[in-house]
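For reference, the chains in residue letters:
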Amino acid sequence: MIADLHLHTIFSDGTYTPEQVVAEARRLGFSTIALTDHDTVEGCRATAAACAAANLEFLSGTELTAEQEGHEIHILGYCLDIDDSRLLQEIGRFQQVRQNRIREMVARLNHLDVPLEADAVFELANCRSPGRPHVARALVKAGLCDDLDEAFDRFLKKNRPAWVPKFKMSAAHAIELIHAAGGVAVMAHPGLNRTDEVIPAMAEAGLDGLECFHTKHSTATSEYYLELADRHHLLVTGGSDCHGTSKGKPVMGSVRLPYQHVERLKARAAKRKAAAAHPSA
Ligand code: AMP
Ligand code: ZN
Ligand code: FE
Ligand code: FE
């Protein structure tokens, strides 16, 4: 049995529907997938239903945008209760932050005489967690940029003229929120962040695992993080971070996580659920 624990859909900045993600996972021979859309759990119900119909195992998930010591960190939450009211309330606040940020980015574009309308972005995004890739796609769709790379290079990359910083929750808060919803907290793609110095503090804050296997990790990088996970007694996870066709060709299948890691993750989730149900115990 093999898993992909990092996938995006149209419920954030991916291009696949839940049904398309599940069909791809089945075609590629996966037994287990987790959905990890940015700052939302909205797609989990539909993906769970599609998995049940295709006889795949589904783990609920999300990818929370957080920060630690000034660095942007993505925290994956797994096996969480997607109806947890505090979780929904908190991610709702951050979805609002994302929506306001889209308006600000559009205002900056307009200031640069790029006539994009915020509604065009919202219409295209059609989800509660819009982000820069949606602005980039809207720019291409309106004929204002030739492709997504041009949109990011000219306008949207960090410190480019239409870039707007994103208000983020602290990593400790993200971890606590995931735990309170009975979930397991994992630091996403540490090899992309290159901020390993934050890992001990996050482990101290209750981080459960490290995403050692990721499409953009080389074999050496994965091995390095496997050792780091071992040293800090952290679980090991992995996933493709597939966004469908929104960043070129789909990368699902590039990471195939052995099932033993899923078993350990589920065992930790059972403990987190028991603790969330009896916070004083
Ligand atoms: P946001 O959450 O709005 O800051 O957007 C982040 C998303 O934009 C992530 O999925 C990134 O992978 C994507 N992204 C960042 N830089 C680029 C780029 N140069 N080209 C395409 N996508 C990018
Ligand atoms: Zn994304
Ligand atoms: Fe990420
Ligand atoms: Fe991701």
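Please refer to the structure higher up on the page.
Cut-off values and rules
Residues numbered from 1 in each chain as written. Chains lettered and ligands numbered in written order. Predicted model: local features only at pLDDT ≥ 70, side-chain atom pairs only at ≥ 80, totals over all residues. Heavy atoms only, no water. Near = heavy atom within 4 Å. Polar contact = N/O pair within 3.5 Å; in protein donor to acceptor, adjacent residues only side chain to side chain. Areas by Shrake-Rupley, 256 points an atom, 1.4 Å probe, with all protein chains shown as cover. Helix = DSSP H or I, 4+ residues; strand = E, 2+ residues; numbered from the N terminus. Nonpolar A, V, L, I, M, F, W, Y, C, P; charged D, E, K, R; others polar. Salt bridge = Lys/Arg side-chain N within 4 Å of Asp/Glu carboxyl O. Core = buried A, V, L, I, M, F, W, Y, C linked by side-chain atoms within 4.5 Å. Buried < 20%, exposed > 50% of the residue type's maximum accessible area, 1.4 Å probe, protein only. Contact = heavy atoms within 4.5 Å. Donors = N, O, S within 2.8 Å, 3.2 Å for Na, K, Ca; no water. Phe/Tyr/Trp six-rings, centres within 6.5 Å; stacked < 30°, edge-to-face > 60°. Lys NZ or Arg CZ within 6 Å of the ring centre and 35° of its normal. Pairing = 2+ DSSP bridges. Right-handed = clockwise from strand over helix to strand, strands pointing away.

*Asks:* How should the site of ligand 1 be read in this particular structure?
*Replies:* Every residue close to ligand 1 is listed here: Asp13, His38, Arg98, Arg101, Gly131, Arg132, Pro133, Phe152, Lys157, Lys166, His243 and Lys247. Arg98 is positioned with one of its side-chain polar atoms (N or O) 3.4 Å from an oxygen atom of ligand 1. Contacts to ligand 1 include Arg132, whose backbone N or O atom sits 2.8 Å from an oxygen atom. Protein chains shield 76% of the accessible area of ligand 1, which is 510 Å² for the free molecule. If you list the elements that add at least two residues to the shell around ligand 1, you get helix 3 (85–111) and helix 5 (132–141). The residue inventory of the shell around ligand 1, partitioned by class, reads two nonpolar, three polar and seven charged.

*Asks:* Hey, could you run me through the pattern of salt bridges in this one?
*Replies:* Opposite charge on two side chains makes pairing possible when the charged atoms of those side chains draw close. Enumeration according to the criterion identifies 14 salt bridges in this entry. A salt bridge links Lys266 to Glu57; the shortest N-O distance between them is 2.5 Å. With Lys266 in helix 11 (residues 259–277) and Glu57 in strand 3 (residues 57–59), the pair connects residues that are 209 residues apart, well separated along the chain. Between Arg272 and Asp208 there is a salt bridge, with its nearest N and O atoms 2.7 Å apart. Here Asp208 lies in the loop between helix 9 (199–204) and strand 8 (209–214) and Arg272 lies in helix 11, a separation of 64 residues in the sequence.

*Asks:* When you look at the nonpolar core in this model, what are you seeing that I'm missing?
*Replies:* A general tendency of soluble globular proteins is for nonpolar side chains to be buried together. With 46 residues, the main nonpolar core has Ile33, Ile75, Met187, Met202 and Leu210 as its most contacted residues. Sequence-distant contacts of Met187, that is, excluding residues within four places in its chain, are made with Ile73, His74, Asn193, Thr195, Val198, Ile199, Met202, Leu207, Gly209, Leu210 and Glu211.

*Asks:* Looking at this model, I keep getting lost on the coordination of the zinc ion (ligand 2). Mind explaining?
*Replies:* A metal bound by six donors in octahedral fashion has ideal angles of 90 or 180 degrees, whereas one bound by four tetrahedral donors has an ideal angle of 109.5 degrees. Surrounding the zinc ion (ligand 2) are the protein donor atoms Asp13 (OD), Asp13 (OD), His38 (NE2) and His243 (NE2), which sit 2.0 to 2.6 Å from the metal. Coordination of the zinc ion (ligand 2) draws on donor residues from a single chain, spaced D-x24-H-x204-H in sequence. Between the zinc ion (ligand 2) and the iron ion (ligand 3), a separation of 6.0 Å is found. Pair noted here: Asp13 is in the loop between strand 1 (2–4) and helix 1 (18–27) and His38 is in the loop between strand 2 (32–34) and helix 2 (44–54), with a separation of 25 residues, a long-range link. Neither residue differs from the other here; Asp13 and His38 are each classed as buried.

*Asks:* Could you clarify how one ought to interpret the packing of aromatic side chains in this entry?
*Replies:* Aromatic rings in a pair are described by how distant their centres are and how their planes are angled relative to each other. Applying the stated rule across the entire model yields two aromatic pairs. Residues Phe94 and Phe167 carry aromatic rings whose centres are separated by 5.9 Å and whose planes lie at 5° to one another, so their mutual orientation is stacked. With Phe94 in helix 3 and Phe167 in the loop between helix 6 (148–156) and strand 6 (169–170), this pair connects stretches of sequence that are 73 residues apart. A residue is classified by how much of its surface remains accessible, and Phe167, at 54% relative accessible area, is exposed. Note on Tyr224 and Tyr225: the rings are 4.9 Å apart at their centroids and 80° apart in plane angle, and the pair reads as edge-to-face. Given a relative accessible area of 0%, Tyr225 falls into the buried group. Sitting above the plane of the Phe30 ring, Arg256 keeps its charged end 4.9 Å from the centroid.

*Asks:* How should the pairing of strand 9 (residues 235–239) be read in this particular structure?
*Replies:* Taken residue by residue, a regular strand's side chains alternate between the two faces of the sheet. A large share of strand 9 lies buried, amounting to five of its five residues. On strand 9, burial covers both faces: Leu235, Thr237 and Gly239 on one face and Val236 and Gly238 on the other are all buried. Bridge count between strand 8 and strand 9: five bridges; the pairing is parallel. Bridge assignment links His214 to a residue of strand 9, and that residue is Gly239. In this region the chain leaves strand 8, passes through helix 10 (residues 219–231) and returns to the parallel neighbour strand 9; the handedness of that crossover is right-handed.

*Asks:* Would you mind going over the environment of Glu176 with me for this structure?
*Replies:* Following the sequence through the fold, Glu176 ends up in helix 7 (residues 171–180). Residue classification places Glu176 among the partly exposed positions, given a relative accessible area of 39%. As a C-alpha pair, Glu176 and Asp196 span 20 residues in sequence and 20 Å in three-dimensional space.

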